[in-house]
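# Chains, contacts and geometry: an overview
This is what each chain is made of:
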Amino acid sequence: MSTATQSSGTGTGTGTGTADAADLAPVRTESLAAILVAGERPPRPNALQASLTFGWRAILKIKHVPEQLFDVTAFPIMMVLMYTYLFGGALAGSPEEYIQYLLPGILVMSVVMITMYTGVSVNIDIAKGVFDRFRSLPIWRPSTLVGYLLGDALRYTIASVVMLAVGLVMGFRPDGGVQGVVAGVVLLIVFSFAFSWVWTMFGLLLRTEKSVMGMSMMILFPLTFLSDIFVRPETMPGWLRAFVNNNPVTHLASAVRGLMDGSWPATEIAWSLGWAGVLVAVFGPITMRLYNRK
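Treat the numbers as computed from the prediction; the structure is a model and nothing was measured.

Quick notes on the rules
Residues numbered from 1 in each chain as written. Predicted model: local features only at pLDDT ≥ 70, side-chain atom pairs only at ≥ 80, totals over all residues. Heavy atoms only, no water. Phe/Tyr/Trp six-rings, centres within 6.5 Å; stacked < 30°, edge-to-face > 60°. Helix = DSSP H or I, 4+ residues; strand = E, 2+ residues; numbered from the N terminus. Buried < 20%, exposed > 50% of the residue type's maximum accessible area, 1.4 Å probe, protein only. Axes fitted to C-alpha atoms, helices over the stretch in contact; angles between N-to-C directions. Left-handed = near helix turned anticlockwise from the far one by under 90°. Nonpolar A, V, L, I, M, F, W, Y, C, P; charged D, E, K, R; others polar. Core = buried A, V, L, I, M, F, W, Y, C linked by side-chain atoms within 4.5 Å. Contact = heavy atoms within 4.5 Å. Salt bridge = Lys/Arg side-chain N within 4 Å of Asp/Glu carboxyl O.

Here the structure, examined in full by the defined rule, presents eleven aromatic pairs. The interplanar angle of 35° and the centroid separation of 5.7 Å between the aromatic rings of phenylalanine 191 and phenylalanine 195 together place this pair among those described as tilted. With phenylalanine 191 and phenylalanine 195 both in helix 9 (residues 177-205) and four residues apart, the pair spans about one turn of that helix. When its relative accessible area of 2% is taken as the criterion, phenylalanine 191 is described as buried. Classification of phenylalanine 195 as buried rests on a relative accessible area of 7%.

At a minimum axis separation of 8 Å, helix 4 (residues 70-92) and helix 5 (residues 95-114) run at an interaxial angle of 145°. Viewed along their axes, helix 4 and helix 5 form a crossing whose handedness is right-handed. The class makeup of the residues in the contact of helix 4 with helix 5 is 18 nonpolar, four polar and two charged.

Further remarks concern the nonpolar core. The tendency in soluble globular proteins is for nonpolar side chains to be buried side by side. Counting residues in each nonpolar core, the largest one holds 52 residues, and the members touching the most others are Ile106 and Phe195. Top element by residues in this core is helix 5. It accounts for 13 residues. Those residues in contact with isoleucine 106, other than ones at most four positions away along the chain, are Met79, Val80, Tyr83, Met163, Ile229 and Phe230. Ala50, Val122, Tyr148 and Trp197 belong to the second-largest nonpolar core, a separate cluster that totals 14 residues.

Another point: the environment of valine 80. With respect to the helices and strands, valine 80 occurs in helix 4. Beyond its immediate sequence surroundings of up to four residues, valine 80 is in contact with Leu103, Ile106, Met163, Val166 and Met170.

With that settled, consider the pattern of salt bridges. Summed over the entire model, instances satisfying the criterion amount to four salt bridges. Several salt bridges converge on common partners, so that one network encompasses Arg57, Lys61 and Asp125.

Inspection of the secondary structure assignment puts serine 216 in helix 10 (residues 209-225). Taking relative accessible area as the criterion, serine 216 reaches 0% and is therefore assigned buried.

Function cannot be read off these values alone, since they describe shape.
Spelled out as structure tokens, the structure:
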């Protein structure tokens, strides 16, 4: 009985092994190639398509982690309320008077400061190894980085809308009307897009996200606080006024303030756009060189 059972088991095992061997038979190269290239290969995406795709990826990250919007919602509201009621009475006689001068400057300050998160996001993706996959794709090389910047442009827009809404509730009345407000926000977003290339470079250059944030704050604090965001430069000492008058954030804040006030300051607008062009021309190539060698 045991011999028969063994023979039966052996026969069954042999049959199963033969079937498995047949299933695992090597695939011919010709048949595999026919499967892979049977359909028409999709066209290679152009620079705009690739950039928009990565921009949409950045937006989806916000969708899945909505806490990322804290810095463009709660932070701007806190800044407007705190500085208006803290300094308004001392500097302008009343918060209602001070907010007419302060709000465009605080808007610039808040949006410029959140540009550093572009570099933080880049650094996090590098640490996770995502960039290794991106570099292997047949796409326009800068599209990955441009996508980050396009996604962050939405964050800048949200921050601007939130701050303007709070300002209107608090009594801010722009004499430039809707046209002046929109022009000021567009100028701010253009400058912030260019400024983000600086932090993208640091995101590629530094090892950790904490290092990127630390370096960013060390640069942003002097640029934002040593400007005309809170007070006019005429009240400052001569040596400090020289720095403030040549600070790119001062030019930007003055341009946005003038646009919202309806005066359309051509000189300050030209300076702001000029600084944006310089930032892209200098830090764009440096960032791409680091990206290609990372």
